[in-house]
Amino acid sequence: KKVTAEGEAEAELYAKFMCYCKTGTEDLEASIAAAEAKGPALASAIEAAEGKLAQAKEDLKSAKVGREEAKKAAAEAEAIRAKEAAAFASYKAEADTNVAAMEKAIAALEKGMSGSFLQTTAAQAILKLAQSSSDILVDADRQELVSFLSGSSEYAPSSGEIVGILKQMHETMSKDLSEANATEEAAVKAHAGLIAAKAKEVEALSATIEAKTT
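Residues numbered from 1 in each chain as written. Predicted model: local features only at pLDDT ≥ 70, side-chain atom pairs only at ≥ 80, totals over all residues. Heavy atoms only, no water.

Soluble globular proteins tend to bury their nonpolar side chains together. The biggest cluster of nonpolar side chains holds 27 residues, and the ones touching the most others in it are F117, I126, L145, L149, L166 and M169. Put simply, the parts of the chain that give this core at least two residues each are α1 (2-110), α3 (121-132), α4 (139-149) and α5 (159-213). Residues contacting L149, with those up to four places away along its chain left out, are F117, L118, A123, I126 and L127. (Core = buried A, V, L, I, M, F, W, Y, C linked by side-chain atoms within 4.5 Å. Buried < 20%, exposed > 50% of the residue type's maximum accessible area, 1.4 Å probe, protein only. Helix = DSSP H or I, 4+ residues; strand = E, 2+ residues; numbered from the N terminus. Contact = heavy atoms within 4.5 Å.)

As C-alpha cells, then:
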C-alpha cells in the first residue's frame, strides 16, 4: 500500500509539473508573440520620435538664425536712420538760415533800406546761396542778384527786381523745406514701425528658443 501511495503521489507531482511546463511554455510563447507583434509599432514609434527630435533641432536652429537676422536688421536700420536724421538736420539748419535771411532782405528792401542791408550777414548768406545754387534761379536772375548783393558798378538792378527774385527764391526754398520736413516725419514714423516689428519678431523667436530648450 505504501508503494502504491508513493507511486500515486509521484504521478500526481509529475502531472502537475507537466501541466506547469505546458502552461509556462504557452505563456512564454504568447509573450514572445506579443513582443514580436509590438516590434514594428515600436520601431515606427522610435522613428517618429527621432523625426520629431530632428525637426525640433532644425526649428531651434532656424529660430536662432532668424533672431540674429532680426537684430542685425534693426541695428542696420538704426544706423541708416541716424545718418538720414543727421543729413536732414544739416539741411534744415541751412535752409532755415537762408529762408530767414531772405525774409530779412525782402523786408529791408521793401522799406528802401538796401544800402544798410548789403552790409549784413543775411546779405552775405544770400550772395553765397545765389553763387552756389544752380537749381533755384535761372541764370539771368542769378546774375542780377549777385550783381546787386556784391555792389557791382557795372550793373545795378532796381530793388523792385531784386525783391521779386528774392520772393521767388523764398517761395521755392520754403516749399522745399516743407516737403523735406514731411519726408523726414514719414521716415521717422516708418522707422519706428520697423523697429517695433523687429522687436516683436525677436521676442517671438526668443520665446520659441526658450520653449525648445527647456
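Bringing the packing of α4 against α5 into the picture now. Between α4 and α5, the shortest axis-to-axis distance is 10 Å and the interhelical angle comes to 115 degrees. Where α4 crosses over α5, the two elements pack in a sense that is left-handed. Residue-level inspection shows D141, E144, L145 and F148 of α4 in contact with α5, the latter providing E161, I162, I165, L166, Q168 and M169. Taken together, the residues of the contact of α4 with α5 sort by class into six nonpolar, one polar and three charged. (Axes fitted to C-alpha atoms, helices over the stretch in contact; angles between N-to-C directions. Left-handed = near helix turned anticlockwise from the far one by under 90°. Nonpolar A, V, L, I, M, F, W, Y, C, P; charged D, E, K, R; others polar.)

A few words now on the environment of L149. Relative to the assigned elements, L149 resides in helix α4. Its relative accessible area of 6% is what places L149 among the buried residues. In this structure, the C-alpha to C-alpha distance between L149 and K128, residues 21 residues apart in sequence, is 9.7 Å.

Within the fold, Q143 resides in helix α4. Q143 sits 13 residues away from A130 along the chain, and the two C-alpha atoms are 8.5 Å apart.

To continue, consider the pattern of salt bridges. Across all of its chains, the model carries six salt bridges by this definition. Between R142 and D139 there is a salt bridge, with the nearest N and O atoms lying 2.8 Å from each other. Of this pair, R142 and D139 both sit in helix α4, three residues apart, which is roughly one turn of the helix. Residues E201 and K198 are paired through a salt bridge, measuring 3.4 Å at the closest nitrogen-oxygen approach. Here K198 and E201 lie together in helix α5, a separation of three residues that amounts to about one turn. Among the residues examined, E201 registers a relative accessible area of 32% and is labelled partly exposed. Through salt bridges with shared partners, a single network forms among R81, E84 and E184. (Salt bridge = Lys/Arg side-chain N within 4 Å of Asp/Glu carboxyl O.)

Relative placement of two packed helices is described by the angle separating their axes and the distance separating the axes. At a minimum axis distance of 9 Å, the contact between α3 and α4 shows a crossing angle of 150 degrees. The angle between α3 and α4 places the two elements in the roughly antiparallel class. The handedness of the crossing between α3 and α4 is left-handed. Only R142, L145, V146 and L149 of α4 make contact with α3, whose side of the interface consists of A123, I126, L127, A130 and Q131. By residue class, the composition of the contact of α3 with α4 is seven nonpolar, one polar and one charged. (Parallel < 35°, antiparallel > 145°, perpendicular 65-115°, else oblique.)

The next subject is the environment of L177. Of note, L177 is situated in helix α5. Between the alpha carbons of L177 and D96 there is a distance of 8.1 Å; along the sequence they are 81 residues apart. Once residues lying within four places of it in the same chain are set aside, the contact partners of L177 are Y91, K92, A95 and D96.

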